[in-house]
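Tertiary structure, described
So the chains spell out like this:
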Amino acid sequence: MTPTTIADAGRRLRSGEVTSVELLDSALAVAARTEAQLHAFLTIDRDQARETADRADADLAAGKDRGPLHGIPIALKDNMTTRGLETTAASQILSGYVPPYNATVVDRLAEGGAVLVGKTNLDEFAMGSSTENSAYGTSYNPWDITRVPGGSSGGSAAAVAAGSALGALGSDTGGSIRQPASLCGVVGMKPTYGTVSRYGLIAFASSLDQIGPLTRTIEDSALVLSTVWGHDPLDATSYPGELPDIMSGFGRGVDGMKIGVVKELSGEGYEPQVESAVSAMVENLAASGAEIVEVSLPSFDIALSAYYLIAPAEASANLARFDGIRYGHRAAGDTTESLMSRTRAEGFGPEVVRRILLGTYALSAGYYDAFYGQAQRVRAAIQEDFARAYGQVDALVSPTSPTVAFAAGARTDDPLAMYLSDICTIPSNLSGHPAISVPIGLDDQGLPIGFQVMASALAEDVMFQVAEEVERLAGFDKTPSLAEVAS
Ligand code: GLN
């Protein structure tokens, strides 16, 4: 049987039971059978992948072991630059853009011997919660192909859930790794801000953006994270200090830990089956010896509003570089100004335009303090709320998403409904803290439910310790029927 986790594949590679080329072939075979329905990938480069897998096999045979991702097929969200391979951020404005350099995470994956299967679909510039904002067509959820996989890293989540990659990288500005992981029944984690280099990540909102792994298991999540994180002089916001020993909490359970249930992340708008699955898991954690307390973080109620000022404000500045002169698409124009404005009118989709307009407005003279300044004060209040909470508890828990995967088209005409998809995930972006989504079961329609574990800055070890117990208690080992039909 083909391995379904990175850890298992790694063991079998080293025992000679399987080769990297075989792992790649099986990932590509799943993609060949499922892509017509899922559309998880924007680009698959078989030849390059095959070459890397061949080299991984030769290296291993020669005794050169590059670490836990050696020979493992990994997918990459298409907002991280790959030298010589088209990188679009799912935008028309970058169609045909072939970067001259690799993102730092891409170099780290390569140094770690990983095999890049392909570039995955996303909402344009990572703005969205469903991948429906991709300029190249929506991705679909492997558990029910009439539904969205979440977003913006929906392609990465769908690929890992279907088995066309054993792991993937996504980016998370307000929930874009965790929410799609939740909707697709896989593990998705956002590390502490600054611990994974953003060099080569196409910027959305630089003070919030963070790259992280999507995988089948908690252990795999730690294996991918350990390969890509660490200080990078090419990213001025990269954290230069020591990183936590993330494997240290594995196998220790939660006995004696104090876990806070976030009061504000429940109630109206939350599906009853999501709430009952989360409550049942909290009871199980108590039975495993954790002390459970309810914690109130009142500023969470205004986190979403603050995010939708800060993120668009930063986006409006970051996206100014797409002018038709330096990258990608260029429209005709008699003057520089008309060339630029036509390029931007043709190249950006409606959600991106909405964000640029919102952000420009929020930053404009006369409104700056009322909008952007006020949002920054809310951000500070959220940080204070978190600090108070982590003075009392080791970790905080909540649903990852208020709902399970929704039908394609259901929220496209209602931006606010779409924005609410990230209500549980946004606070950890505003604080810069690590958080992870763990699949804990299926609802009565067979759709996955995710459980979020949040921890304080650089407490990834604590986060993984709790998440591993959640994974063990849930015993979630289901795979979508699409993958079953496919394999
Ligand atoms: N869905 C949120 C948004 O649209 C978060 C996106 C993200 O994390 N990249 O902004």
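Report follows, based on the coordinates. (Residues numbered from 1 in each chain as written. Predicted model: local features only at pLDDT ≥ 70, side-chain atom pairs only at ≥ 80, totals over all residues. Heavy atoms only, no water.)

**Points about the overall build of the chain**
The helix and strand tally for the chain stands at 16 helices and eleven strands. The principal-axis extent of the C-alpha atoms belonging to the chain is close to 65 × 55 × 45 Å. Across the 487 residues in the chain, those meeting the buried criterion constitute 61%. Across the chain, the fraction of contacts at a sequence separation of at least 24, relative to all contacts at a separation of at least 6, is 76%. As displayed, the chain has an accessible area near 17600 Å², and 51% of this comes from carbon and sulfur atoms. Side-chain charges of the chain comprise 34 positive and 59 negative groups, with the mean position of each set lying 4 Å from the other. (Helix = DSSP H or I, 4+ residues; strand = E, 2+ residues; numbered from the N terminus. Buried < 20%, exposed > 50% of the residue type's maximum accessible area, 1.4 Å probe, protein only. Contact = heavy atoms within 4.5 Å. Areas by Shrake-Rupley, 256 points an atom, 1.4 Å probe, with all protein chains shown as cover. Lys, Arg positive; Asp, Glu negative; His and termini not counted. Charge placed at Lys NZ, Arg CZ, Asp CG, Glu CD.)

**Some points on the site of the ligand**
Of all residues adjacent to the ligand, which total 15 residues, the nearest are Thr 173, Gly 174, Ser 176, Tyr 307 and Asp 422. Between the ligand and Ser 176 there is a distance of 2.7 Å, counted from an oxygen atom to a side-chain nitrogen or oxygen. A total of 290 Å² of accessible area belongs to the ligand in isolation, and the protein chains cover 100% of it. (Near = heavy atom within 4 Å. Polar contact = N/O pair within 3.5 Å; in protein donor to acceptor, adjacent residues only side chain to side chain.)

**Some points on the sheet that holds strand 3 (residues 115–120)**
Judged by pairing direction, the sheet is mixed, and its eleven strands sit side by side in the order 1-3-2-4-6-5-10-11-9-7-8 without closing on themselves. The sheet is open, and its two borders are formed by strand 1 (41–44) and strand 8 (291–295), each paired with just one other strand. Between one strand axis and the next, the sheet turns by 25° as a mean value, whatever way the strands run. Inspection of the sheet shows strand 10 (residues 435–442) paired to strand 11 (residues 448–454) by seven bridges, in the antiparallel sense. The residue of strand 11 that forms the bridge with Gly 441 is Ile 449. (Pairing = 2+ DSSP bridges. Axes fitted to C-alpha atoms, helices over the stretch in contact; angles between N-to-C directions.)

**Looking at the environment of Ala 157**
Along the chain, Ala 157 turns up in helix 5 (residues 154–162). When its relative accessible area of 0% is taken as the criterion, Ala 157 is described as buried. Spatially, the C-alpha atom of Ala 157 lies 8.4 Å from that of Leu 183, the residues being 26 residues apart in sequence. Once you skip the residues sitting within four places of it in the chain, Ala 157 turns out to touch Pro 180, Ala 181, Cys 184, Val 186 and Leu 214.

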